[in-house]
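# Secondary and tertiary structure notes
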Amino acid sequence: MDIGDYIDDVARSVAFLSRIRVPQRHFDGHDGRLGRTVRAFPVAGLLIVLPAAVLLSILEALGAASLLSALLVLSVQTLLTGALHEDGLSDAADGLGGGRDRDSALTIMKDSRVGSYGVVALILSYGLRAAALAAIIPFLSPLGAAMMLLAVAAASRAAMVWHWSALPPARKDGVAASVGQPEPDAARAALLSGAAIAVLLLLPNAPFLAIASAALAIFAAVFAFTDVVRDKIGGHTGDTIGATEQVAEIAALAALALAL
């Protein structure tokens, strides 16, 4: 693996998955397709969430209330990503929940307005993640809490790649179709690196049972969500890929909260 190419992929992944600006030189000669770039999604997730992880560590060291820390951390994450994944979750919930058939579901997903399914999905996402984080934080050191947040970030971005590679594009003219399907080697690299990063970061801070529970929860939740998407619209969209990150993050945090 050429290290220069990998650094470019990390920078492109950060730019694609967040509002963080990266130097233009990483895009010189790039055609905009992400087939190979997705291999760097887990590492990009680490970099994107790093400021929130540092904030969490500082707040815990200062003895801040766990729920306040959780909400502040989620706020920083949302600002850094530009609510990209939350937007995907909201649109996917509206389309999958309100669409009578494949065509109506896809039409609803393209609508910029937020419906009742989307609102409920966002409330549940923030509520469940905040509650889980507030339950986890007291059991971890300041550094351990930061490492836990980074582990979930890497695993949830790897889950996005799995969902993306498991289904064909639902729309030929959609954003996901325009950037290409993940290359098999790149998808495997994302899954392996995401799992390895998450385990290495969690091992010093959580028992094996908690780590195994989180891994099983991510797999079950993402598999179930992907199956629903396959049955409803026959393929992925940019919204369902973004929603997968939220599904994985909720599942991982909830499992850790129950197991710690």
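Provided above is the structure to which this section pertains.
All figures in this text were calculated on a predicted structure; none of them were measured in a lab.

## Considerations on empty space enclosed by the protein
The probe, sized like a water molecule, is rolled over the atoms to show the empty space still left. This structure, assessed with the given rule, holds three cavities of 30 Å³ or more. The space that makes up the largest cavity amounts to roughly 40 Å³. Every residue along the wall of the largest cavity is listed here: Gln77, Thr78, Thr81, His85, Glu86, Arg129, Arg157, Glu245, Gln246 and Glu249. Going through the elements one at a time, α3 (66-81), α4 (84-98) and α11 (238-259) are the ones with two or more residues in the lining of the largest cavity. Class assignment for the residues of the lining of the largest cavity results in no nonpolar, five polar and five charged.

## Considerations on helix α9 (residues 184-202)
Taking 1.5 Å of rise per residue, the 19 residues of α9 would be expected to cover 27 Å, and the 27 Å separating its terminal C-alpha atoms lies within 8% of that figure. Restricting attention to buried positions, one finds in α9 the residues Ala186, Ala187, Ala190, Ser193, Gly194, Ile197, Ala198, Leu201 and Leu202. All buried residues of α9 project into a common sector of 145° when viewed along the axis, lining one side. Among the exposed residues of α9, those oriented more than 90 degrees off its buried face are Pro184, Asp185, Leu192 and Leu200. Elements in contact with the buried residues of α9: α2 (41-61), α7 (142-166), α10 (208-233) and α11.

## Structural notes on the pattern of salt bridges
Opposite charge on two side chains allows them to pair when their charged atoms are near. Inspection of every chain in the model, using the stated rule, returns 11 salt bridges. Taking the shortest distance from any N to any O, the salt bridge between Arg12 and Asp9 comes out at 3.6 Å. One end of the pair, Arg12, and the other, Asp9, are both in helix α1 (residues 3-17), three residues apart, so they sit about a helical turn from each other. Both residues of the pair, Arg12 and Asp9, count as buried. Residues participating in the shared-partner salt-bridge network are Asp5, Asp9, Arg12, Arg36 and Arg39.

## Considerations on the packing of aromatic side chains
Within the structure shown, the criterion is met by three aromatic pairs. Their ring planes at 25° and their centres at 6.2 Å tell us that Phe16 and Phe41 sit as a pair that is stacked. Here Phe16 is found in helix α1, whereas its partner Phe41 is found in helix α2, with 25 residues between them in sequence. With a relative accessible area of 32%, Phe16 lands in the partly exposed category. Exposure remark for Phe41: the relative accessible area of 0% places this residue in the buried category. Both rings, one in Phe41 and one in Trp164, keep their centres 6.2 Å apart while their planes meet at 50°; by these two values the pair is tilted.

Each value, and the rule that gives it
- Residues numbered from 1 in each chain as written.
- Predicted model: local features only at pLDDT ≥ 70, side-chain atom pairs only at ≥ 80, totals over all residues.
- Heavy atoms only, no water.
- 1 Å grid on protein atoms, 1.4 Å probe; cavity = no way out; pocket = protein on both sides within 12 Å on 5 of 7 lines; lining within 4 Å.
- Points joined across faces, edges and corners; volume = space filled by probe spheres on them.
- Helix = DSSP H or I, 4+ residues; strand = E, 2+ residues; numbered from the N terminus.
- Nonpolar A, V, L, I, M, F, W, Y, C, P; charged D, E, K, R; others polar.
- Expected span 1.5 Å × (residues − 1).
- Buried < 20%, exposed > 50% of the residue type's maximum accessible area, 1.4 Å probe, protein only.
- Arc of directions from axis to C-beta.
- Contact = heavy atoms within 4.5 Å.
- Salt bridge = Lys/Arg side-chain N within 4 Å of Asp/Glu carboxyl O.
- Phe/Tyr/Trp six-rings, centres within 6.5 Å; stacked < 30°, edge-to-face > 60°.

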